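What follows is each chain in one-letter form.
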Amino acid sequence: MAYQLYIANKNYSSWSMRPWVLMTAHNIEFEEVLTPFADTPHQQAFEHFSPTGKVPCLQDADTLIWDSLAIVEYLAEVHPDVWPKERQARAWARSACAEIHSGFMALRDECSMNCGLRIELGAPSPALEKDMLRPSTLWEDGLNRFAGPWLAGETFGAVDAFFAPVAVRYRTYGFTLSRQANAYAEQLLEHPAVIAWIEQGLHETWRDEAHEQDCLRGRTVLADLRQGVRN
Ligand SMILES: N[C@@H](CCC(=O)N[C@@H](CS)C(=O)NCC(=O)O)C(=O)O
């Protein structure tokens, strides 16, 4: 098998989710190497394979790619379908990926991904409120411009994989989207690769207190759907 994909817990690791979902959706074969965040320090373990101590990383023989967007670009050189064929759609998809890659800081900080939890969000901060509104505008733009069913046209691509963790957060924290964006988020959550990631996350037995607390921030847990036994 050519590729090895280094990731962390499926329940928590939104950055790992992107290439895993993309590669799974496109039937790009890879060996998964999962190093969990757990109550023990993960940094040292991650540094064995990652120069930044972060996941995801893709190993292809003697080539290492250590960033999720760089992984997409590397894959696109031999699997061109990860970006749309049409140039305008490709530019849009790349811009949207870059936006989620370097933006949405409040969403990232205040609504950490946790596939198994359902949380009552409470009143969002102004920055979070802005981040929660943006997917509706952005997704509607892509869906209307390229006629769907995916964000940049008819093929599920990198841009959809990059927004899969946003759809997970939308469900965990129950935030409101426009009708069209809501339908897209539901469709994304029903994609077989997304379902597989979440299902495997729900069966994980690790719990990392830092991630758990990061989701809670004094909020109320409405449900914990994780089936894995806490160890
Ligand atoms: N820009 C990087 C960010 C990766 C990132 O922040 N990964 C998180 C995992 S969800 C991580 O490894 N965090 C470990 C740490 O910060 O100690 C990418 O896109 O791959």
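Up top you'll find the structure we're talking about.
Because the structure is predicted, anything quoted here is derived from the model rather than measured. (Residues numbered from 1 in each chain as written. Predicted model: local features only at pLDDT ≥ 70, side-chain atom pairs only at ≥ 80, totals over all residues. Heavy atoms only, no water.)

Q: Before we go on, may I ask you to explain the pattern of salt bridges in this structure?
A: One side chain can pair with another of opposite charge once the charged atoms of both are near each other. This structure, assessed with the given rule, holds 8 salt bridges. Measuring nitrogen to oxygen at the nearest pair gives 3.6 Å for the salt bridge that ties Asp 81 to Lys 85. For Asp 81, a relative accessible area of 41% translates into the label partly exposed. Under the relative-accessibility criterion, Lys 85 is labelled exposed at 71%. (Salt bridge = Lys/Arg side-chain N within 4 Å of Asp/Glu carboxyl O. Buried < 20%, exposed > 50% of the residue type's maximum accessible area, 1.4 Å probe, protein only.)

Q: Where do I start with the packing of helix H7 (residues 158-173) against helix H8 (residues 179-189) in this structure?
A: A pair of packed helices can be characterised by two numbers: the angle between their axes and the separation between those axes. Contact geometry for H7 and H8: axes closest at 9 Å, N-to-C directions at 105°. It follows that H7 is roughly perpendicular to H8 by the angle criterion. In this structure, H7 contributes Asp 160, Phe 163, Ala 164, Ala 167, Val 168, Tyr 170 and Arg 171 to the contact, and H8 contributes Asn 182, Tyr 184, Ala 185, Glu 186, Leu 188 and Leu 189. Of the residues belonging to the contact of H7 with H8, the class tally is 9 nonpolar, 1 polar and 3 charged. (Axes fitted to C-alpha atoms, helices over the stretch in contact; angles between N-to-C directions. Helix = DSSP H or I, 4+ residues; strand = E, 2+ residues; numbered from the N terminus. Parallel < 35°, antiparallel > 145°, perpendicular 65-115°, else oblique. Contact = heavy atoms within 4.5 Å. Nonpolar A, V, L, I, M, F, W, Y, C, P; charged D, E, K, R; others polar.)

Q: Any chance you could explain the state of the cysteines here in plain terms?
A: In protein structure, a disulfide is the covalent linkage between the sulfur atoms of two cysteines. One pass over the structure, following the stated rule, counts 0 disulfides. Cys 215 supplies the cysteine sulfur nearest to Cys 115, a cysteine that is in no disulfide, at a spacing of 9.9 Å. (Disulfide = S-S within 2.5 Å.)

Q: Explanation requested: the packing of aromatic side chains in the structure shown.
A: Given two aromatic rings, one states the distance between the centres and the angle between the planes to describe the pair. Scanning all chains against the criterion turns up 12 aromatic pairs. Centre to centre, the rings of Phe 104 and Phe 163 are 6.2 Å apart; their planes meet at 80°, and the pair counts as edge-to-face. Of the two residues, Phe 104 is situated in the loop between helix H4 (87-102) and helix H5 (105-110) and Phe 163 in helix H7; the sequence distance between them amounts to 59 residues. The exposure classification of Phe 104 matches that of Phe 163, with both residues buried. Here the aromatic rings of Tyr 170 and Phe 175 are separated by 6.2 Å at their centres, their planes lie at 75°, and the arrangement is edge-to-face. Of the two residues examined, Tyr 170 and Phe 175, each falls in the buried class. Among the aromatic side chains, those forming a connected cluster through ring pairs are Phe 104, Trp 139, Trp 150, Phe 156, Phe 163 and Tyr 184. (Phe/Tyr/Trp six-rings, centres within 6.5 Å; stacked < 30°, edge-to-face > 60°.)

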